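Fold and contact review
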Amino acid sequence: MLSIKDLHVYYGGIHALRGVSLEVPDGKIISLIGANGAGKSTTLKSIMSLVAKTEGSVEFDGVDITKYPTRNVVKTGIVLCPEGRRVFPDLTVAENLTVGAYLRKDKEGIKADRDWVYELFPRMKEREWQLAGTLSGGEQQMLAVGRALMSRPKLLMMDEPSLGLAPLVVKDIFAIIKQINEAGVNVMLIEQNAKAALEIADFAYVMETGEITMSGTGKELLASDEIRKAYLGE
Amino acid sequence: MTLTAFFQYCLVGISIGGIYALIAIGYTMVYGILRLINFAHGDIFMMAAYFMIFAMVDFMIPWYISMIIMIVSTIVLGVVIEKLAYKPLRNAPRMSIMISAIGVSYLLQNLATYLFSALPKQYPQIPILNKTITIGEVSTSIATFITPIITIVFVVLLMMLIKYTKVGMAMRAVSKDFETAQLMGIQINNVITVTFIIGCFLAAVGSMLYFTPRPSVFPLAGSLPGLKCFIAAVFGGIGSIPGAVLGGLIIGICETFIKAFGYSEFSDVFTFVLLIAVLMIKPTGLFGEKMAEKV
Ligand SMILES: Nc1ncnc2c1ncn2[C@@H]1O[C@H](COP(=O)(O)OP(=O)(O)OP(=O)(O)O)[C@@H](O)[C@H]1O
Ligand SMILES: [Mg+2]
């Protein structure tokens, strides 16, 4: 279980996170929604220690990982599939997956996970030797998710996996997220697509200008008037 | 020009070109990872020559042990420069780190002047490199003959390292995207250190091959070769290793023939004309990728 308490992050003078607290319990899918610039990506980046935290704590499975460098956060079993896919364009699909397993030494396990990724995304298997930069946007997203899974995470954090994808592909991606979660990986999901995110989530948080303003089960939030007005455009 | 002379010049040209290639790789690799033109690289190459003099002449250590000492010292120097002058500026604007590199270049030149004086020092003779061998009618020193072989061997090894090893893959990942590479658990600083180790190793080897047939070393002896190798890297497409090798070879061969035809005074000018021509006609060089700004 991931538990964040009272997280503060500054970018120079900008107070981007103003005391964020949230939890990702085991076995669940948690969504984090909010407007552009609310601080969603910053939350995930600060968990990964890509940006410095000024205050607050991050605990994972009972271990305080607040001050861990990125590499050690990855080692504890958290992985971030970053906003905008960010596959390595001049590495092949296969190499991108290999980089995803960078910290692992168990050859057998890596091979098994690679097979699992190819099972989830048969298209990746077909394109094993293609340079990632030449994949379509949807394929790159699949690769980014696959690459994240290669670290065999206990917690997979995804930053807007549906960004810029056709509705049909989005559906595929969400189905796969569900599948990944059923395989025992906890998921934390950031989405602009609030409806899809709330439908899939066991529990969800709403973020506004650096603060969590609401939380509840996906169903509760979908039913809330405020949410319907602000995020579902109804 | 007789055929024999032609082959002789070809060999000399390829040989000096091979040395340029070894040095140019250092420029191109550092640029590939850090988007930094390491202006101090030519001076590191010069310092390598002084390390060799120090070991062989001042301490009278046999050449093969001196060579190892020289290579290790050069690598240490390069890595220390990176840690002190470039690493603290990792998140600073690109221009700051470039200026820091220029500063290091002057620092090394002045340090060498201070420590070793501005008077040229004789580079020690390495007996086996100076032996003359004759193949057909072409006769040349062993150094000239083995330089292209050494270059080819190191370039092939380097390409294999980058293509097939874990650290090579990490280098390719880091060169495209620091942040995402970190998210994979890659330690950026280690990858950068490896890059400097490789660049300095090749510069150290190049230094030995370059100075062996030349009379002397002086504190500015690295400037012109450094500049030429930087141009070789730009010509080949900065960031590309095959490009740097080809650029080095082309400059070496052209320069040698220009000298052979009696226009010695133009041989250095040629390199700069080449730079201007490349920048005007194809700024990305022979194998260069589009100069996309790094995300
Ligand atoms: N590197 C940075 N330097 C300065 N300010 C930043 C930086 N990164 C983010 N910010 C600011 O911090 C705030 C939160 O940004 P963040 O990227 O976390 O938003 P977000 O919720 O992910 O938005 P989006 O939905 O558009 O991705 C924004 O106001 C943004 O401008
Ligand atoms: Mg974001």
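Residues numbered from 1 in each chain as written. Chains lettered and ligands numbered in written order. Predicted model: local features only at pLDDT ≥ 70, side-chain atom pairs only at ≥ 80, totals over all residues. Heavy atoms only, no water.

All names here are of chain A. Every one of the 14 residues lining ligand 1 counts as a neighbour, but N36, K40, S41, T42 and Q192 are closest to it. A distance of 2.8 Å separates an oxygen atom of ligand 1 from a polar side-chain atom of E83. In the model, an oxygen atom of ligand 1 is placed 2.6 Å from a nitrogen or oxygen of the Q192 side chain. Here ligand 1 loses 63% of its free accessible area of 630 Å² to cover by the protein chains. Only β2 (14-24) and α1 (40-47) provide two or more residues apiece to the shell around ligand 1. Per element, the largest residue contribution to the shell around ligand 1 is three residues, and it comes from α1. For the shell around ligand 1, a count of residues per class yields five nonpolar, six polar and three charged. (Near = heavy atom within 4 Å. Polar contact = N/O pair within 3.5 Å; in protein donor to acceptor, adjacent residues only side chain to side chain. Areas by Shrake-Rupley, 256 points an atom, 1.4 Å probe, with all protein chains shown as cover. Helix = DSSP H or I, 4+ residues; strand = E, 2+ residues; numbered from the N terminus. Nonpolar A, V, L, I, M, F, W, Y, C, P; charged D, E, K, R; others polar.)

Let us look at helix α4 (residues 107-120) of chain A. Residues and elements named next belong to chain A. For α4, with 14 residues, the first-to-last C-alpha span of 20 Å sits near the 20 Å given by 1.5 Å per residue. Every buried residue of α4 is accounted for by G109, I110, D113, R114, V117, Y118 and L120. Those residues of α4 that are buried lie in contact with α3 (93-100), α5 (122-126), α6 (137-149) and α7 (167-182). (Expected span 1.5 Å × (residues − 1). Buried < 20%, exposed > 50% of the residue type's maximum accessible area, 1.4 Å probe, protein only. Contact = heavy atoms within 4.5 Å.)

Attention shifts here to the coordination of the magnesium ion (ligand 2). Residue and element names in this part refer to chain A. Looking at the magnesium ion (ligand 2), the protein donor atoms are S41 (OG) and E83 (OE), and they sit 1.9 to 2.5 Å from it. Highlighted residues: S41 in helix α1 and E83 in the loop between β6 (78-81) and α3, separated in sequence by 42 residues. You can call S41 buried: its relative accessible area is 18%. A relative accessible area of 33% means that E83 is categorised as partly exposed. (Donors = N, O, S within 2.8 Å, 3.2 Å for Na, K, Ca; no water.)

In this section: the domain arrangement of chain A. Residues and elements named next belong to chain A. Structurally, chain A comprises domain 1 (1-77 + 153-162 + 174-234) and domain 2 (87-152). For domain 1 and domain 2, the distance between their C-alpha centroids amounts to 24 Å. Summing both sides of the interface, domain 1 and domain 2 together bury roughly 980 Å²; the carbon and sulfur share of this comes to 80%. Broken down residue by residue, the surface that domain 1 buries against domain 2 is led by P153, I176 and I180, which jointly contribute 45%. Inspection of the region where domain 1 meets domain 2 yields zero salt bridges. Counting across the domain 1 and domain 2 interface gives zero residue pairs in polar contact (both at pLDDT 80 or more). Among the secondary structure elements, those contributing two or more residues to the side of domain 1 that touches domain 2 are α2 (70-76), β7 (155-159) and α7. Residues belonging to the side of domain 1 that touches domain 2 are distributed by class as follows: eight nonpolar, one polar and four charged. (Domains from an automatic or database assignment. Buried area = accessible area lost by both parts, 1.4 Å probe. Salt bridge = Lys/Arg side-chain N within 4 Å of Asp/Glu carboxyl O.)

Taken residue by residue, the interface counts 17 residues in chain B and 21 residues in chain A. Where chain B packs against chain A, one counts six salt bridges. Put simply, R86 of chain A and E179 of chain B hold a salt bridge, and the shortest N to O gap is 3.3 Å. Linking chain B to chain A there are seven residue pairs in polar contact (both at pLDDT 80 or more). Within the residue set of the side of chain B that touches chain A, elements represented by two or more residues are α7 (166-176) and α8 (178-183) of chain B. Ranked by residue count, the leading element in the side of chain B that touches chain A is α7 of chain B, at six residues.

For the rest of this paragraph, the subject is the pattern of salt bridges. Residues and elements named next belong to chain A. Tallying each qualifying case throughout the model produces 19 salt bridges over all chains. With a closest N to O distance of 3.0 Å, D106 and R104 form a salt bridge. Assessed through its relative accessible area of 11%, R104 is described here as buried. Where D113 meets R104, a salt bridge forms, and the shortest distance between an N and an O atom there is 2.6 Å.

Our focus in this paragraph is the nonpolar core. Counting residues in each nonpolar core, the largest one holds 123 residues, and the members touching the most others are I78 of chain A together with Y86 and I186 of chain B. With 14 residues, helix α1 (residues 3-34) of chain B is the single largest residue contributor to this core. Formed jointly, this core draws a minimum of three residues from each of two domains, domain 1 (1-77 + 153-162 + 174-234) and domain 2 (87-152) of chain A. I186 of chain B has contacts with V99 and Y102 of chain A together with A170, A173, V174, A181 and V191 of chain B, leaving out every residue within four places of it along the chain. Ranked by size, the runner-up nonpolar core spans 37 residues in total, among them I110, F121, A132 and M142 of chain A. (Core = buried A, V, L, I, M, F, W, Y, C linked by side-chain atoms within 4.5 Å.)

Residue and element names in this part refer to chain A. Burial along β6 is two-sided: the face carrying I78 and L80 and the face carrying V79 and C81 are both buried. As paired strands, β6 and β7 are joined by four bridges and run parallel to one another. When the bridges of β7 are listed, C81 appears paired with M158. (Pairing = 2+ DSSP bridges.)

With that settled, the discussion passes to helix α6 (residues 142-164) of chain B. Residues and elements named next belong to chain B. Between the first and last C-alpha of α6 there are 32 Å, a value that for 23 residues agrees with the 33 Å anticipated at 1.5 Å per step. Among the residues making up α6, those that are buried are A143, T144, T147, P148, T151, V155, L158 and I162. The elements touched by buried residues of α6 are α1, α5 (127-130), β3 (138-141), α7, α9 (188-211) and α11 (241-260).

Below, the discussion takes up the side chain of D177 of chain B. Its location among the elements puts D177 of chain B in the loop between α7 and α8. In terms of polar contacts, D177 of chain B uses its side chain to reach the side chain of R86 of chain A, at 2.7 Å. A distance of 2.7 Å separates the side chain of D177 of chain B from the side chain of T180 of chain B, its partner in a polar contact. When neighbours within four sequence positions are excluded, D177 of chain B is seen to be in contact with R86 and F88 of chain A.

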